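Chain by chain, the residues:
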Amino acid sequence: MVDIVIENVSVLMPHAEGVARHRTVGIAEGKIAFVRDADAEADAVLEAATRIDGTHKLVMPGLVDCHTHTGQQLLRGRVLDELPMIWTRIMLPFESTLTPELMRLSAKLSALEMIKNGTAAFADAGSYFMDEAATVYEQAGLRGVLSVSTMDQPGLPASIAMTCDEAVAAADGLYDRWNGAAEGRLHVAYALRALMSCSEELIRKTADHANERGALLQAHMNEYAAEVNYSLQNQGVRPFEYLERLGNVLSERFLGAHCLMLSEVEKNILVERGVKVCHCPFSNCAKATPETPSLRSRGVVEGLGSDGAAHGGLSLWAEMRLFRSIMNVEHGVPIADPAVMPARAIVNMATENGYVFLGEPDAGRIEPGAVADLITVDLRNAGMYPSGNVVNTLVECTTGSDVRDMVVDGRLIMADRRVLTLDEDAILAEADEYQAYLDDLNA
Ligand SMILES: [Zn+2]
């Protein structure tokens, strides 16, 4: 007796090392109970609460968005081609006008977009009214790491201005209310929005509170030249050297988003401290290219992120394909290496590495005993079929609409593209009012 059985399905092997055909996957008590050869007779008598026909489907780990912004969901389409500084001109003013109601709508739309695109788990880098978002993500059934946007720089709009102590108290409050909630699917990380926006006192206190609780600590790092220059001017050293000097900040629980402009000294600090790194290809293309082959060869854990819907939407399939092209043109072509970033490594970044990044190393593989966070992908349609190498095709051709089913923590949350935990039509109807507001803005 199992909770869910997926019959006659292809299975992505651990570490994306190929695909096994004609398997049957059983899920029970939140874990993958077995992966065995499909056997029509044995499968027919297997008791299961839910049966999924896996014919022409691939079962693989759910995708992990290691860096998103729930609070920027309503900024879709409003950033591309804009002149600098987008952060101060567009994003900061937008976030300062969010309300609990808008945040709830943002989270519903974000959850819907993630589920429909096969993203089973995510890390939100820090927004406002995160209790509203947490309530939605609990209902959606996704796995997530949540944070409060944490800054104490002077001159912020009054609605989001905080002192150091207020910012730390807000993070503690979210942690106390939501860490380990939703049967353990939701966790709360401490966050530093960016070093330029945080006083040294705030950096030290936030790190202390994260360390006391064994919590993750996220920050936007080395994203812009201006940010590196700020550190050099004010601290006399580069951003990661500065955090290393503070002593209590960097550890294997530190999640660095972007990490584009790294010196060799900084790369060594990442390795020594076990810092984990997330690249956001579409967003990063406006800034710089990460040195993934070099970081990978040193054993740094790297994940992929969308950076929120304002930067090209939440599809990690789009990010994977773009990332492959960037890695080739920047690192492969100059040294005539066509596989400088192999497809299986990119799929691993979006799945297995992503779960390590989130502190969930028991998920991210389709094998007995692993946490059952998984999706099925339709392999037999005009865009996918036939394929001489399914792992390559996942990077080259798959889109969100090829995702059919999603299971998180052993619970089916999308069946044949119907979201079971949220009312998709009602959410889109709620968004109609915001679309009308945007249309008025553009009129
Ligand atoms: Zn970001």
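All of these numbers come straight from a predicted model, not from anything done at the bench.

S.K.: Where do I start with the side chain of Arg-417 in this structure?
M.R.: Turning to its location among the elements, Arg-417 is positioned in the loop between β17 (411-415) and β18 (418-419). Here Arg-417 is buried and forms no salt bridge, its nearest opposite-charge partner Glu-424 lying at an N-O distance of 6.8 Å. A polar contact of 3.2 Å, which involves the side chain of Arg-417, links it to the backbone oxygen of Gly-400. A polar contact is formed between the side chain of Arg-417 and the backbone oxygen of Val-403, at a distance of 2.6 Å.

S.K.: Explain the pairing of strand β1 (residues 2-12) here, please?
M.R.: Each regular strand shows side chains that alternate between the opposite faces of the sheet. A large share of β1 lies buried, amounting to 8 of its 11 residues. Where β1 meets strand β4 (residues 48-53), 5 bridges bridge the pair, whose relative direction is parallel. The residue of β4 that forms the bridge with Val-2 is Ala-48. Of the strand pairs in this sheet, β1 and strand β2 (residues 19-28) are connected by 6 bridges, and their pairing is antiparallel.

S.K.: So what exactly am I meant to see when it comes to the sheet that holds strand β8 (residues 143-146) here?
M.R.: Adjacent strands of a sheet pair through backbone hydrogen bonds, lying either parallel or antiparallel. The strand order β6-β7-β8-β9 describes an open sheet built from 4 strands, whose pairing is parallel. Single-partner strands in this sheet number two, and they are β6 (63-68) and β9 (186-188). In this sheet, neighbouring strand axes are inclined to one another by 15 degrees on average, regardless of whether the strands run parallel or antiparallel. Across 3 bridges, β8 lies against β9 in parallel orientation. Across the sheet, the residue bridging to Leu-146 is Val-188, located in β9. Together, β6 and β7 (119-124) form the strand contacts of helix α12 (residues 316-332), whose direction differs from that of β6 by roughly 85 degrees.

Criteria and thresholds
- Residue positions are given per chain, counted from 1 along the sequence in the order it is written.
- Thresholds applied to this predicted model are a pLDDT of at least 70 for local features of residues and 80 or more for the giving and counting of side-chain atom pairs; totals over whole chains, interfaces and linings are not thresholded and use all residues.
- Based on all heavy atoms of the structure, the side-chain values leave hydrogens and waters out of the count.
- Numbering of helices and strands starts at the N terminus; helices are DSSP runs of H or I of at least 4 residues and strands are runs of E of at least 2.
- Buried residues are those whose accessible area, probed at 1.4 Å on protein chains only, stays under 20% of the maximum for their type, while exposed residues exceed 50% and partly exposed ones sit between those limits.
- A residue counts as positive if it is Lys or Arg and as negative if it is Asp or Glu; His and the chain ends are not included.
- What makes a salt bridge here is a side-chain nitrogen of Lys or Arg within 4 Å of a carboxyl oxygen of Asp or Glu, nothing more.
- N or O atoms within 3.5 Å of each other form a polar contact, as long as, within protein, one can give a hydrogen and the other can take it, and as long as residues adjacent in sequence are counted only when both atoms are side-chain atoms.
- Strand pairing is assigned whenever DSSP detects at least two bridges linking the two strands.
- For helices, the fitted line uses only the C-alpha atoms of the stretch in contact; every axis is such a line through C-alpha atoms, and the angle between N-to-C directions lies from 0 to 180 degrees.
- We call two residues in contact whenever any of their non-hydrogen atoms come within 4.5 Å of each other.

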